[in-house]
Amino acid sequence: MLFPPRFAPIVFAFLMSIYMVTLMTFVITWANTGLMDGFFGRWWRAFYIAWPVAFCLILLGAPRLQRLAAVLIKRPR
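### Side note on the overall build of the chain
Now for step 1: When you go through the chain residue by residue, the secondary structure sums to two helices and zero strands.
Now for step 2: Over its C-alpha trace the chain gives a radius of gyration of 17 Å, far above what one expects of a compact globule, namely 11 Å for 77 residues.
Now for step 3: For the chain, the spread of C-alpha atoms along the principal axes amounts to about 55 × 35 × 20 Å.
Now for step 4: Across the 77 residues that make up the chain, the buried fraction comes to 17%.
Now for step 5: Contacts in the chain between residues at least 24 apart in sequence constitute 57% of all its contacts with a sequence separation of at least 6.
Now for step 6: Accessible area of the chain: about 6,500 Å², with a carbon and sulfur share of 76%.

### What about helix H1 (residues 8-33)?
Now for step 1: Along its 26 residues, H1 runs 37 Å from first to last C-alpha, staying within 8% of the 38 Å computed at 1.5 Å per residue.
Now for step 2: Every buried residue of H1 is accounted for by Ala13, Ser17, Val21, Thr25 and Thr29.
Now for step 3: On its buried face, H1 sits against helix H2 (39-72).
Now for step 4: Downstream of H1 by one or two residues, Gly34 has phi in the positive range, about 75 degrees.

### Comments concerning the environment of Tyr48
Now for step 1: Structurally, the position occupied by Tyr48 is in helix H2.
Now for step 2: The spacing of Tyr48 and Thr25 is 23 residues in sequence and 9.6 Å in space, taken between C-alpha atoms.

### Brief notes about the packing of H1 against H2
Now for step 1: Across the interface, H1 lies against H2 with an axial gap of 7 Å and an inter-helix angle of 145 degrees. H2 is crossed by H1, and the crossing has right-handed handedness.
Now for step 2: Classifying every residue of the contact of H1 with H2 gives 22 nonpolar, five polar and one charged.

### So, a nonpolar patch on the surface
Now for step 1: Together, Tyr19, Met20, Leu23, Met24, Val27 and Ile28 give the surface a local cluster of nonpolar side chains, amounting to about 560 Å² of exposed area.
Now for step 2: Structurally, Val27 is set in helix H1.

### Let's talk about H2
Now for step 1: For H2, which comprises 34 residues, the first-to-last C-alpha distance of 41 Å sits more than 12% below the rise-based estimate of 50 Å (1.5 Å per residue).
Now for step 2: Buried within H2 we find Phe39, Trp43, Phe47, Ala54, Phe55, Ile58, Gly61 and Ala62.

Procedures and definitions
- Residues numbered from 1 in each chain as written.
- Predicted model: local features only at pLDDT ≥ 70, side-chain atom pairs only at ≥ 80, totals over all residues.
- Heavy atoms only, no water.
- Helix = DSSP H or I, 4+ residues; strand = E, 2+ residues; numbered from the N terminus.
- Rg over C-alpha atoms; globule rule 2.2 N^0.38 Å.
- Buried < 20%, exposed > 50% of the residue type's maximum accessible area, 1.4 Å probe, protein only.
- Contact = heavy atoms within 4.5 Å.
- Areas by Shrake-Rupley, 256 points an atom, 1.4 Å probe, with all protein chains shown as cover.
- Expected span 1.5 Å × (residues − 1).
- Axes fitted to C-alpha atoms, helices over the stretch in contact; angles between N-to-C directions.
- Left-handed = near helix turned anticlockwise from the far one by under 90°.
- Nonpolar A, V, L, I, M, F, W, Y, C, P; charged D, E, K, R; others polar.
- Patch = residues over 30% accessible without salt bridge, like charges linked within 9 Å, V, L, I, M, F, W, Y side chains within 5 Å.
- Salt bridge = Lys/Arg side-chain N within 4 Å of Asp/Glu carboxyl O.

So far we have only geometry, and geometry alone does not tell us how the molecule works.
Here it is in structure tokens:
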């Protein structure tokens, strides 16, 4: 174990934000500009702008969304 359990929300937010922002900025940059010269520079700029926002949103929103999902899920009888 690398991190104590108390850091689980932060580790989750970090990993989820890296995963989502990497894929989303890649796809959106590709859709908007194509795979032309300078693509990876444009993608990197989008990534480093979006990642801190995504990290904070996941860190703050994940617990609330998990509770909402639990309310919305029908429990077996």
